[in-house]
Amino acid sequence: MAETQRRLTTIVAVDIAGLARLVSNDEEGALAAQRNHRAELIEPLLEEHQGRIANTAGDSFLLEFPSAVEAMRFCTEVQQGMAARNRSVPQDQRIEYRIGVNVGDVMADGDDLLGDGVNIAARIEALAAPGGINLSHTVHDQIRDRMTLDFEDMGKVEVKNIARPVRVFRVLSAEEVPGEARRPRAPWLKSAVAARIVLVIVLVIMVGGGAWWWTQQPDFTPAYPEKFAYKLPDKPSIAVLPFENFTGDPKQDYLCDGMTENIIAVLSTSPDLFVIARNSSFIFKGKATKVQDVAEKLGVRYVLEGSVQRSGDKLRVVAQLVDAIDGKHLWARHYDRELQDLFALYDGISKDIALAMHVNLTIGEWEKSWVKAVGATATFRLGVLGRSRLNSSTAAGLKEAEDLFLESHKREPDNALANLMLASVHIQKLMTGLSTDPLSDLAKAQSFVDKAQSVMESGIGFSLVATLKLFATDHSAALAQAEHAIELDPSGSETIALAGTVKTFCGKVPHAIVFLRRAMRLQPYHPIWMPAMLGFAHLQLGENEAAERIFESIMSTANVDGFFYRLALSNISAIAVFEGDMDKAREYLARVLKKNPTGNAYHVAQQLYFLKDQEFVQRYVAALRKAGLPEY
């Protein structure tokens with residue numbers, strides 16, 4: 001007899017919830033439906049994520065994956081796919097899976113897997129709700145910083161035939177994330193790890209990094225967790241408020257805005273931090289705002305605020321970090337620097353904040369390439385002004401942004417950020433239908449992004465490369481570039497949103513929805529293109545109610561003469577056709593044509609040429625024709 005082999009692997013236990021009831025009601029129908037789900041959904045996803053079927057037993061089966069990340073991607077895509085497939089199926093006829101995932105030691109007997117690793121996966125699967133995913137702490141530790149998922153810590157659970165309790169986590173659905181009470185403090189705040197935090201604090205004090213107050217009473221009125229618009233992430237979360245301009249000269253605002261942007265940019269590269277994006281932080285610029293209000297509106301625990309003073313070529317920067325929930329000032333420091341040291345100053349502040357947030361960043365290694373990318377102070381000022389206009393998604397706003405970036409590019413043709421921003425301008429023209437010469441904009445975007453990446457590779461750069469691969473209908477390359485972008489910039493809202501956009505058009509729609517929701521959570525005051533893409537993703541899945549809610553919301557906030565207002569009108573018209581409400585469909589389409597009399601079905605189909613699911617494009621365009629859109 002061959003010797004039993006042992007190995008460490010990822011095990012996925014899957015069970016059909018209530019199969020006996022389904023079979024008793026309609027045996028042939030239930031079994032046929034299960035065969036279809038397996039052939040059309042499970043087996044293709046298994047192949048895509050390098051998994052295999054190890055054991056099967058009636059209403060359950062056991063799967064093996066070489067990677068915890070691939071296993072979890074498989075699981076989330078299966079549950080999202082089943083939710084879509086069940087949408088038109090009566091509740092009592094739906095097949096729903098419970099899933100448990102574990103990384104552990106197993107014994108291999110031929111193709112079969114045995115042992116405690118398998119038992120744990122099976123036991124925690126039994127604790128899952130229909131349509132849910134449970135995972136052990138060994139899986140959670142592997143994926144928590146590599147996937148955009150939210151979890152509920154279910155604590156330690158006694159598992160039959162296992163000597164010690166197993167810590168179990170539940171994957172939260174997208175609907176469960178906003179508005180919930182904040183999670184328990186993250187595991188890194190407990191037990192032995194606390195000793196390391198104390199050490200970090202001592203080091204901060206020793207190097208003169210700031211002052212800590214450890215009194216029993218709060219320094220200011222704390223934020224109220226029950227008022228938070230979003231639940232707290234399971235990692236340190238921070239909003240960097242726009243630094244105040246104490247120079248007495250409004251023209252020096254760019255120094256303050258640049259300080260804020262750079263701190264956000266550097267902190268966002270860490271997978272250990274949850275950093276609110278620039279656009280959402282900057283809504284508080286120039287407003288007398290309490291830090292507890294900021295924390296409650298943005299759903300963060302920590303807030304950084306500061307100010308900038310200038311005297312000739314000398315700068316004084318003051319910064320302080322506060323814990324809004326405890327009502328405590330954690331850290332404060334002032335910096336006196338020469339203006340020529342501006343970029344080193346940015347990096348120095350970010351390094352100190354990272355220490356105070358118990359995160360280790362090696363910013364010093366990036367200093368030369370970062371300064372090279374940013375360029376001279378005057379060039380950087382133009383970039384800050386241009387970025388404030390880039391997300392307008394209007395022809396006038398894009399023209400202003402392009403002019404500012406071109407001036408910056410003229411000063412420093414090798415400036416990485418100027419090249420990236422110019423690439424973004426041309427891509428946005430193409431995405432929003434504002435391009436008057438698509439081939440020229442495509443060529444310019446490619447040239448600018450290639451130049452930027454040759455100077456300094458970045459997450460946002462790879463996400464723009466992914467978008468260009470999408471325009472070339474190279475869907476596999478686009479997906480690969482999008483994944484690499486997120487690896488480099490795991491907390492970057494725009495990087496994640498662009499990756500979600502690429503996934504939407506490349507046929508990975510359920511996964512795209514997760515990414516887009518994550519990006520919007522990182523940037524609560526997000527640009528309008530993000531919900532527009534989210535709504536389009538729901539529309540592709542046939543989730544008409546969710547899509548229509550999003551498009552109605554866009555109409556309430558968008559410029560009535562802008563692209564996204566017309567897009568929302570068109571999509572609601574198509575939804576009305578799908579739902580059989582032709583009066584509503586004709587009404588909304590007529591409003592589209594009133595704002596864009598030259599709109600036609602041929603042009604719509606052309607704009608969607610790069611969508612992988614061309615069957616959906618045909619249905620979508622046919623619906624608009626039925627509502628009254630002319631062919632040419």
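About the criteria used
Residues numbered from 1 in each chain as written. Predicted model: local features only at pLDDT ≥ 70, side-chain atom pairs only at ≥ 80, totals over all residues. Heavy atoms only, no water. Helix = DSSP H or I, 4+ residues; strand = E, 2+ residues; numbered from the N terminus. Contact = heavy atoms within 4.5 Å. Areas by Shrake-Rupley, 256 points an atom, 1.4 Å probe, with all protein chains shown as cover. Axes fitted to C-alpha atoms, helices over the stretch in contact; angles between N-to-C directions. Parallel < 35°, antiparallel > 145°, perpendicular 65-115°, else oblique. Left-handed = near helix turned anticlockwise from the far one by under 90°. Nonpolar A, V, L, I, M, F, W, Y, C, P; charged D, E, K, R; others polar. pLDDT = per-residue confidence, 0-100. Pairing = 2+ DSSP bridges. Core = buried A, V, L, I, M, F, W, Y, C linked by side-chain atoms within 4.5 Å. Buried < 20%, exposed > 50% of the residue type's maximum accessible area, 1.4 Å probe, protein only. Phe/Tyr/Trp six-rings, centres within 6.5 Å; stacked < 30°, edge-to-face > 60°. Lys NZ or Arg CZ within 6 Å of the ring centre and 35° of its normal. Salt bridge = Lys/Arg side-chain N within 4 Å of Asp/Glu carboxyl O.

(A) Highlighting the overall build of the protein chain. Helix and strand counts for the protein chain come out as 25 helices and 14 strands. Nonlocal contacts in the protein chain, meaning residues at least 24 apart in sequence, comprise 68% of its contacts between residues at least 6 apart. Just so you have it, the protein chain exposes about 28,400 Å², and 52% of that area is on carbon and sulfur atoms.

(B) A look at the packing of helix α13 (residues 395–411) against helix α14 (residues 416–431). Across the interface, α13 lies against α14 with an axial gap of 9 Å and an inter-helix angle of 155 degrees. Comparing their axes, α14 and α13 come out roughly antiparallel. Note on packing geometry: the crossing formed by α13 with α14 is left-handed. Of the residues in α14, those touching α13 at L398, A401, E402, F405, L406, S408 and H409 are A418, N419, M421, L422, V425, H426, Q428 and K429. Residues that form the contact of α13 with α14 fall into these classes: eight nonpolar, five polar and two charged.

(C) Spatial organisation of the confidence of the model for the protein chain. Across the protein chain, the average pLDDT comes to 81, with 83% of residues at or above 70. Mean pLDDT across the elements of the protein chain bottoms out in helix α6 (residues 191–206) (36) and peaks in helix α25 (residues 614–627) (97). Confidence drops under a pLDDT of 50 for residues 358–372, and excluding neighbours within four residues, the segment shows 27 contacts in the predicted structure.

(D) A look at the pairing of strand β8 (residues 166–171). Pairing analysis gives three bridges linking strand β6 (residues 133–136) to β8, with the strands arranged antiparallel. Paired with N134 across the two strands is R170, which belongs to β8. Here strand β7 (residues 151–157) pairs with β8 via five bridges, running antiparallel. Within β8, the position partnered with D153 by the bridge is F169.

(E) Highlighting the nonpolar core. F505, I554 and Y620 are the most contacted members of the largest nonpolar core, which has 100 residues in total. Top contributing element to this core by residue count: helix α22 (residues 563–578), with ten residues. With near-sequence residues (within four places) excluded, I554 lies in contact with I528, P531, A532, F564 and A568. If you look at the next biggest cluster of nonpolar residues, it comprises 35 residues, including I42, A71, M82 and Y97.

(F) Structural detail: the pairing of strand β12 (residues 302–311). Bridge count for strand β9 (residues 237–240) against β12 is three bridges, and the pairing is parallel. Directly across from A239, in β12, lies its bridge partner V303. Bridge count for strand β10 (residues 244–245) against β12 is two bridges, and the pairing is parallel. Looking at β12, one finds that E244 is bridged to S307. Where β12 and strand β13 (residues 314–323) come together, ten bridges link them in antiparallel fashion. Within β13, the residue paired with Y302 across the bridge is D323. Adjacent in sequence and paired antiparallel, β12 and β13 are bridged by two residues, among which G312 carries a positive phi angle near 65 degrees.

(G) A look at the packing of aromatic side chains. Per the counting criterion, the structure on display carries eleven aromatic pairs. Measuring from centroid to centroid gives 5.1 Å for F65 and F74, while their planes differ by 45 degrees, and the two rings are tilted. For the pair formed by F65 and F74, the shared burial category is buried. The rings of F471, F505, F536, Y609, F610, F616 and Y620 are connected pair by pair, giving a single aromatic cluster. Stacked on the ring of F282, the Lys or Arg R278 has its end atom at 4.1 Å from the ring centre. Directly above the aromatic system of Y588 lies the positively charged group of R591, at a separation of 5.0 Å from the ring centroid.

(H) Focus on the environment of K594. Counting through the fold element by element, K594 comes out in helix α23 (residues 582–595). On the accessibility criterion, K594 (74% relative accessible area) is exposed. For the pair K594 and R566, spaced 28 residues apart in sequence, the C-alpha to C-alpha distance is 9.9 Å.

(I) Just the environment of A121, in detail. Structurally, the position occupied by A121 is in helix α4 (residues 116–126). A121 sits in the buried class, given a relative accessible area of 0%. Excluding its chain neighbours within four sequence positions, the residues that come into contact with A121 are I11, A13, G100 and N102.

(J) Structural view of the pattern of salt bridges. Per the stated rule, a full pass over the model turns up 28 salt bridges. The residue R52 makes a salt bridge to E64 at a minimum N-O spacing of 2.8 Å. One end of the pair, R52, is in strand β2 (residues 52–57); the other, E64, is in strand β3 (residues 60–65), and twelve residues separate them in sequence. Its relative accessible area of 9% is what places E64 among the buried residues. Taking the shortest distance from any N to any O, the salt bridge between D336 and R316 comes out at 2.7 Å. On the criterion of sequence distance, the pair formed by D336 in strand β14 (residues 328–338) and R316 in strand β13 is long-range, its members being 20 residues apart. Exposure remark for R316: the relative accessible area of 35% places this residue in the partly exposed category.

(K) Geometry of the packing of α22 against α23. Viewed as axis vectors pointing N to C, α22 and α23 meet at an angle of 155 degrees, and their least axial separation amounts to 8 Å. When the interaxial angle is binned, α22 and α23 end up roughly antiparallel. Crossing hand, α22 versus α23: left-handed. Between α22, through Y565, R566, L569, S570, I572, S573, A576 and V577, and α23, the contact on the second element is made entirely by M582, K584, A585, Y588, L589, R591, V592 and K595.

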